[in-house]
Amino acid sequence: MFTKLMEENELASHLRSFCNLANVACSTNALVKKTTNNTMLPPIAQWNFEKLKYDSPNEMPLSIASQGGLPYFRESMVKEGGFIPVPDLRDPMSYKSFLPRLLASKFPFSFARIEELKSLLGLKDESSMEEYIEDTLETCEKSPILGEQHTCATSAEDLIDFVVEKLGHHVCIWSTESAEGSYENVTIGDVKLVYGNLLEPPALCHSLPFPFQVYYCHVLQKVKLYAVDIHAQKKVNHAIMACHYDTSTWNPNHLAFKLLGFGPGLIEVCHWINENGMVWTKALG
């Protein structure tokens with residue numbers, strides 16, 4: 001039904017039923033209401049996209065980038081019994097769903113056709129949503145850094161195809177349990193290396209803000225994964241930490257180096273996997 005409406009350029013007139021049935025975000029109002037149940041937390045952090053921009057300089061002031069937590073840190077900073085300020089782990093649009101590949105492929109997923117896309121989705125004076133869409137399209141169309149393989153999966157079928165192509169059919173999946181601990185100085189509990197094969201890199205998939213579910217998935221060389229218990233105020237969050245051991249191709253002005261005081265290739269750089277993010281690895285054993 002909806003595929004036919006798109007082909008006839010009539011989707012906008014049936015947008016309410018489409019959004020409800022497909023469980024997608026078609027307005028900033030819905031976005032604001034469903035972002036989080038915790039009204040005490042600040043707005044979604046603006047630095048989350050920096051995790052995907054290894055080859056670009058960062059112009060964001062450090063005071064903003066580190067507000068409420070460290071988006072990047074050293075492996076040695078995460079030890080059982082220690083403390084660390086956790087950044088925003090939330091997915092700004094955590095409730096949206098994938099569309100079937102056939103339907104998702106009908107959307108003009110291209111920055112060059114963004115006006116057509118916004119018209120199709122009925123976006124009018126939706127500045128927050130428009131900004132999210134623009135950032136996501138820019139991220140998906142950027143050139144990979146040396147040694148990086150990436151894709152933007154706009155359907156579950158796309159995501160599975162990418163993972164199978166890069167890792168094969170026998171895989172494990174790792175994800176952070178929740179966004180608990182965001183903007184808190186948490187106590188570190190158990191720290192366990194769950195994947196340390198530097199010769200078989202995992203596929204990291206980051207949930208991107210878009211009306212329907214989109215994942216930026218990429219394979220980078222020399223990445224280790226740790227399962228970390230972070231003791232937040234309300235509960236223990238079982239989080240996944242990814243540590244990059246080859247930063248030699250990252251931009252010297254990357255936010256991580258500004259925060260940690262070193263340059264490309266000189267240190268490992270770690271970060272948390274955000275809510276709804278996932279990491280795929282070849283099956284152990």
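Refer to the structure presented above.
Notes on the structure follow.

Some details on the pattern of salt bridges
Taken as a whole and assessed by the stated rule, the structure comprises 11 salt bridges. With its nearest N and O atoms 3.4 Å apart, the salt bridge here joins Lys-118 to Glu-130. You can see Lys-118 sitting in helix 6 (residues 114-120) and its partner Glu-130 sitting in helix 7 (residues 127-141), a full 12 residues away along the chain. Residue Lys-118 shares its accessibility class with Glu-130, and that shared class is buried. Counted as one network, the salt bridges with shared partners bring together Arg-101, Asp-158 and Asp-161.

Considering the packing of aromatic side chains
Across all of its chains, the model carries 6 aromatic pairs by this definition. Geometrically, the ring pair formed by Phe-210 and Phe-212 is edge-to-face, given 5.1 Å between the ring centres and 85° between the ring planes. With a relative accessible area of 1%, Phe-212 lands in the buried category. Taken together, Phe-107, Phe-109, Phe-210 and Phe-212 form an aromatic cluster joined through their ring pairs. Seen from the ring of Phe-262, Arg-74 lies directly overhead, with NZ or CZ sitting 5.6 Å from the centre. The positively charged end of Lys-224 is found above the aromatic ring belonging to Tyr-245, 5.1 Å away from the centroid.

What to know about the sheet that holds strand 4 (residues 185-195)
Read across the sheet, 5 strands follow the order 1-4-7-8-9 without closing on themselves; strand pairing throughout is antiparallel. Every other strand in the sheet has two partners, leaving strand 1 (83-85) and strand 9 (269-272) as the edge strands with one partner each. Ignoring which end each strand starts from, the neighbouring axes of this sheet average 45° apart. As defined by bridge partners, strand 4 adjoins strand 7 (residues 223-231) across 6 bridges and the pair is classed as antiparallel. Note on strand 7: the bridge partner recorded for Ile-188 is Ile-230.

Some remarks on the environment of Pro-252
When you line up the elements, Pro-252 lands in the loop between strand 8 (236-244) and helix 9 (255-260). The class of Pro-252 is exposed, set by a relative accessible area of 55%. Put simply, Pro-252 and Pro-264 are 12 residues apart on the chain and 5.9 Å apart in space, counted from C-alpha to C-alpha. Excluding residues within four positions of it along the chain, Pro-252 makes contact with Phe-257 and Pro-264.

Section: the sheet that holds strand 3 (residues 171-174)
Read across the sheet, 5 strands follow the order 2-6-5-10-3 without closing on themselves; strand pairing throughout is antiparallel. Edge strands, defined here as strands with exactly one partner in the open sheet, are strand 2 (149-153) and strand 3. On average, each strand axis in the sheet is inclined to that of its neighbour by 20°, with strand direction left out of account. Bridge count for strand 2 against strand 6 (residues 214-219) is 5 bridges, and the pairing is antiparallel. Each bridged residue has a counterpart across the sheet, and for His-150 the counterpart in strand 6 is His-218.

Analysis parameters
- Residues numbered from 1 in each chain as written.
- Predicted model: local features only at pLDDT ≥ 70, side-chain atom pairs only at ≥ 80, totals over all residues.
- Heavy atoms only, no water.
- Salt bridge = Lys/Arg side-chain N within 4 Å of Asp/Glu carboxyl O.
- Helix = DSSP H or I, 4+ residues; strand = E, 2+ residues; numbered from the N terminus.
- Buried < 20%, exposed > 50% of the residue type's maximum accessible area, 1.4 Å probe, protein only.
- Phe/Tyr/Trp six-rings, centres within 6.5 Å; stacked < 30°, edge-to-face > 60°.
- Lys NZ or Arg CZ within 6 Å of the ring centre and 35° of its normal.
- Pairing = 2+ DSSP bridges.
- Axes fitted to C-alpha atoms, helices over the stretch in contact; angles between N-to-C directions.
- Contact = heavy atoms within 4.5 Å.

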